[in-house]
Amino acid sequence: MARLLDNYDPGPSVAQCGAINVGTKDLEKSLHFFRDLLGMEEVARVGDTSYLRGYMELTHHSLVLTQQDENIVNSYSFRMRRPEDVEIMYGELEKQEIEAIEVPAGTELGRGTAVRFLVPGSEHPFELYYDIDKPLAPEELRSRLPSNSSKRRGLGVRRVDHFNVQTSRETINQAEQWVRDNLGFNRREYQLHRDDETVLASWMSVTPQVHDLAMVANSEGKRAQLHHMAFNLENMSDVLTAADILSDFDVHFDLGPGKHGIGQAMYLYVMDPGSGHRVEIYAGGYLIFDPDWVPIKWEREQFKDGLTWYGDPFVIEGAMRSLATTPSAGLELAR
């Protein structure tokens, strides 16, 4: 008997953040930070490229570190909801006359075929895929809990949480609208510039989280910038523990610890010692289950509470600063 859903095609959409692939001038320092301090599992290393995941991630990797001459973001990857969505999106990009490249299976170890393109209006290199391996951890690292890929180690990074990216004030409306219209992201919270039309910042998600992707206007007009990549810890007190431990290892703090009003999660911003990429240690936050969720608009006079509800405060004028943000690679395969 046919089901109603058999006759319904919702179209392609993103299911979750997949991985971020970044270059680092000092791979060993970056590995010490992500693997030894944050506790991520190094799943594999091929030459000067290392693949890592959190202890609750069953898929092959969520972070790729590559020894490069420049600290740059090679790609932001997202897993699609269905296998056919990758091919459908490739066709849709062609229809919109957006240049796209097919990334062969195995270009990133453990991952299937992907489509790579630059987001209109932001020029961030996105890669969309579905197929990915789910390897078991080595016996000595394997957890007895089947929902965990490995034992909890170090500071206990569970998974990649979100990406925060920047583009110019002139193009952010186009970019933010495009990812909502074409990839299925939902705007959850946002703020506009004084003109009440141009996006200052938008927090969007495809999951019940407040944001899987944040898009922010760059104060210097730059496009294709990374503000930070975020990794998730189990609870808020873990963020304070992370601050205590990372201080003892001379890891540079950029901001925090504190709690955001937007999303209501604890934050600590630090810099990867090997690359200078900004990393947010992130825990808590609320989840959205309402199908009729109305995006929350933050007025300018309220915004300081949105950035920091308590703790080390943001300075509003500098909160979206481009200082220490990371440029992204272009459409070429930067591997």
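Residues numbered from 1 in each chain as written. Predicted model: local features only at pLDDT ≥ 70, side-chain atom pairs only at ≥ 80, totals over all residues. Heavy atoms only, no water.

An unreviewed UniProt entry annotates the chain as VOC family protein originating from Leucobacter edaphi.

Caption draft 1: The overall build of the chain, seen in detail. When helices and strands are tallied, the chain shows six helices and 19 strands. For a compact globule of 335 residues, the expected C-alpha radius of gyration is about 20 Å, and the chain comes in at 19 Å, within 12% of that figure. Referenced to the eigenvectors of the C-alpha coordinate spread, the extents of the chain come out at roughly 55 × 50 × 45 Å. Within the span of the chain, comprising 335 residues, buried residues form 56% of the whole. Nonlocal contacts in the chain, meaning residues at least 24 apart in sequence, comprise 68% of its contacts between residues at least 6 apart. Here the chain carries 34 positive and 52 negative side-chain charges, and the mean point of each set is 3 Å from the other. (Helix = DSSP H or I, 4+ residues; strand = E, 2+ residues; numbered from the N terminus. Rg over C-alpha atoms; globule rule 2.2 N^0.38 Å. Buried < 20%, exposed > 50% of the residue type's maximum accessible area, 1.4 Å probe, protein only. Contact = heavy atoms within 4.5 Å. Lys, Arg positive; Asp, Glu negative; His and termini not counted. Charge placed at Lys NZ, Arg CZ, Asp CG, Glu CD.)

Caption draft 2: A look at the sheet that holds strand β4 (residues 63–67). Strand order in the open sheet made by the eight strands is β2-β3-β4-β1-β5-β8-β7-β6, with mixed pairing throughout. Edge strands, defined here as strands with exactly one partner in the open sheet, are β2 (41–46) and β6 (100–103). Across the sheet, the mean angle from the axis of one strand to that of its neighbour is 25 degrees, orientation sign disregarded. Bridging between β6 and strand β7 (residues 114–118) involves four bridges; their strand directions are antiparallel. Note on β7: the bridge partner recorded for Ile101 is Arg116. (Pairing = 2+ DSSP bridges. Axes fitted to C-alpha atoms, helices over the stretch in contact; angles between N-to-C directions.)

Caption draft 3: Quick look at the nonpolar core. Ranked by internal contacts, the top residues of the largest apolar core, which has 62 residues, are Phe34, Leu63 and Val179. Beyond its immediate stretch of four places on either side in the chain, Val179 contacts Val119, Phe126, Gly184, Phe185, Met204, Leu213 and Met215. One finds Ala201, Trp203, Ile262 and Phe303 within the second-largest nonpolar core, a separate group that totals 11 residues. (Core = buried A, V, L, I, M, F, W, Y, C linked by side-chain atoms within 4.5 Å.)

Caption draft 4: Seen up close, helix α3 (residues 172–183). In a regular helix each residue adds 1.5 Å, so 12 residues correspond to 16 Å; α3 covers 16 Å between its end C-alpha atoms and thus fits that length. Every buried residue of α3 is accounted for by Ile172, Ala175, Glu176, Trp178, Val179, Asn182 and Leu183. Looking straight down α3, one finds that the buried residues subtend no more than 160 degrees of arc, so they occupy a single side. Once α3 finishes, Gly184 follows within two positions and takes phi at roughly 85 degrees, a positive value. (Expected span 1.5 Å × (residues − 1). Arc of directions from axis to C-beta.)

Caption draft 5: Up close: the side chain of Arg278. Tracing the backbone shows Arg278 in strand β16 (residues 278–284). At 2.8 Å, the side chain of Arg278 forms a polar contact with the side chain of Asp254. (Polar contact = N/O pair within 3.5 Å; in protein donor to acceptor, adjacent residues only side chain to side chain.)

Caption draft 6: Structural context of the packing of aromatic side chains. Scanning the entire structure with this criterion turns up 12 aromatic pairs. Ring geometry for Phe33 against Phe34: centres 4.8 Å apart, planes inclined by 75 degrees, an arrangement best described as edge-to-face. In terms of burial, Phe33 and Phe34 fall into one category: buried. Note on Tyr286 and Trp293: the rings are 6.1 Å apart at their centroids and 40 degrees apart in plane angle, and the pair reads as tilted. The rings of Tyr76, Phe78, Phe117, Phe126, Phe163, Trp178 and Phe185 are connected pair by pair, giving a single aromatic cluster. (Phe/Tyr/Trp six-rings, centres within 6.5 Å; stacked < 30°, edge-to-face > 60°.)

Caption draft 7: Expanded view of the UniProt feature "domain: VOC" (unreviewed entry) in the chain. Here the UniProt-annotated "domain: VOC" (unreviewed entry) positions come out as residues 16–131 and 159–284. The span residues 16–131 shows a helical share of 20% and a strand share of 41%, and its end C-alpha atoms are spaced 13 Å apart. In the segment residues 159–284, helix accounts for 20% and strand for 47%; the C-alpha atoms at its two ends are 13 Å apart. (UniProt positions renumbered as here; feature names shortened; annotations may be inferred.)

Caption draft 8: Examining the pattern of salt bridges more closely. Following the criterion strictly, the structure yields 22 salt bridges and no others. In this structure, Arg152 and Asp238 form a salt bridge, with 3.1 Å as the shortest nitrogen-oxygen distance. Of the two residues, Arg152 is situated in the loop between β8 (125–129) and β9 (159–168) and Asp238 in helix α4 (residues 236–248); the sequence distance between them amounts to 86 residues. In this structure Arg152 comes out as partly exposed when scored by relative accessible area, which is 40%. Here Lys297 makes a salt bridge to Asp196, at a shortest N to O gap of 2.6 Å. Here the residue Lys297 occupies a position in strand β17 (residues 296–297), and Asp196 occupies one in the loop between β10 (186–192) and β11 (199–205), the gap between them amounting to 101 residues. Given the relative accessible area of 45%, Asp196 is considered partly exposed. (Salt bridge = Lys/Arg side-chain N within 4 Å of Asp/Glu carboxyl O.)

Caption draft 9: Examining the pairing of strand β3 (residues 49–53) more closely. In terms of burial, β3 is largely enclosed, as five of its five residues are buried. Side chains of β3 alternate between two faces, with Thr49, Tyr51 and Arg53 and Ser50 and Leu52 buried alike. With five bridges connecting them, β2 and β3 associate as antiparallel partners. Counterpart to Arg45 in the pairing with β3 is Ser50. Where β2 folds back onto β3 in an antiparallel hairpin, the turn is made up of two residues, including Gly47, whose phi is positive at roughly 60 degrees. Where β3 meets β4, four bridges bridge the pair, whose relative direction is antiparallel. Following the sheet pairing, Tyr51 is matched in β4 by Val64.

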